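Fold and contact review
Listed here are the chains, written in short residue letters.
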Amino acid sequence: MPLPLLADPAVLARWAGRDAADPAVTDALASASARFRGAVRHSVSRVADDEIWLDGYGATVLFLPAAPVLAVTTVEVHGRPATDFTWSRLGVLHSRTCWPDELDAVRVVYTHGHDPIPDEVADAVLTEARYLLTVQPGVSAMTVGGESVSYTTPDAEMPQTWKTAVEAHRLNRGDQT
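The model shown is predicted, which means the values in this text are computed figures rather than measured ones.

**Here we look at the overall build of the protein chain**
In terms of helices and strands, the protein chain carries 4 helices and 9 strands. Secondary structure elements in the protein chain, listed N-terminal to C-terminal, are α-α-β-β-β-β-β-β-β-α-β-β-α. Across the 177 residues that make up the protein chain, the buried fraction comes to 38%. Nonlocal contacts in the protein chain, meaning residues at least 24 apart in sequence, comprise 69% of its contacts between residues at least 6 apart.

Below, the structure written as structure tokens:
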């Protein structure tokens, strides 16, 4: 099942002066939503009963790959129910003992994400989708005598609203410098 869009297509249609039924509106919003999800490394929107397998490291803490965590319904270690754990909305799964130091040893079923989508996320996604709808890639300026050419591309620098929303919702920063 595809994830829902992170903003309202009707709002984007009004902003861009388009018809809400125009497929380009939902395409731009789907692209911007996917780009935002990729930047923050999780679905953002609510996902119920998501099943994941985690690698243990012999420590008392495991990190769930998405937040906010709304419920943890199942935790199993080697197929047996675990009961000696607590969890936080930020996605920390804490065991009173140690999780096993093995790959795919811990199965978790949990519900996570936002419903409704936070305003700053919707705003950032709408801004990016509007840009995708209105900026046409290609030559934007040309000077013949001095042979100067300028290009416009949808991969330009992201606006500050985007950067702020991504930073506020990004998870799993361990591999970033």
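**Considering the pairing of strand β6 (residues 92-95)**
Burial of β6 is one-sided: the residues L93 and S95 facing one way are buried, the residues V92 and H94 facing the other way are not. Pairing between strand β2 (residues 61-63) and β6: 3 bridges, direction antiparallel. Bridging across to β6, L62 finds its partner in L93. Examined bridge by bridge, strand β5 (residues 85-87) and β6 share 3 bridges and lie antiparallel to one another. Residue pairing across strands places W87 opposite L93, the latter belonging to β6.

**With respect to the sheet that holds β6**
Strands sit in the order β2-β6-β5 across an open sheet of 3 strands; the sheet is antiparallel. On the outer flanks of this sheet lie β2 and β5, each paired with one strand and no other. Taken over all neighbouring pairs, the strand axes of this sheet differ in orientation by 20° on average, direction set aside.

**Quick look at the pairing of strand β3 (residues 69-77)**
Pairing between β3 and strand β7 (residues 106-112): 7 bridges, direction antiparallel. The residue bridging V72 from the neighbouring strand is Y110, located in β7. Sheet topology note: the β3/strand β4 (residues 80-81) ladder contains 2 bridges and is antiparallel. Residue pairing for β4: V77 is matched across the bridge by R80. The loop that links β3 with its antiparallel partner β4 comprises 2 residues; one of these, H78, has a positive phi angle of about 55°.

**Here we look at the packing of aromatic side chains**
Scanning the entire structure with this criterion turns up 1 aromatic pair. With a centroid separation of 5.3 Å and an interplanar angle of 85°, the aromatic rings of F36 and W162 are classed as edge-to-face. With F36 in helix α2 (residues 23-40) and W162 in helix α4 (residues 160-169), this residue pair connects regions lying 126 residues apart in the sequence. Comparing F36 with W162, the two get one shared label, buried.

How each quantity is defined
Residues numbered from 1 in each chain as written. Predicted model: local features only at pLDDT ≥ 70, side-chain atom pairs only at ≥ 80, totals over all residues. Heavy atoms only, no water. Helix = DSSP H or I, 4+ residues; strand = E, 2+ residues; numbered from the N terminus. Buried < 20%, exposed > 50% of the residue type's maximum accessible area, 1.4 Å probe, protein only. Contact = heavy atoms within 4.5 Å. Pairing = 2+ DSSP bridges. Axes fitted to C-alpha atoms, helices over the stretch in contact; angles between N-to-C directions. Phe/Tyr/Trp six-rings, centres within 6.5 Å; stacked < 30°, edge-to-face > 60°.

Read these as geometric descriptors, not functional statements.
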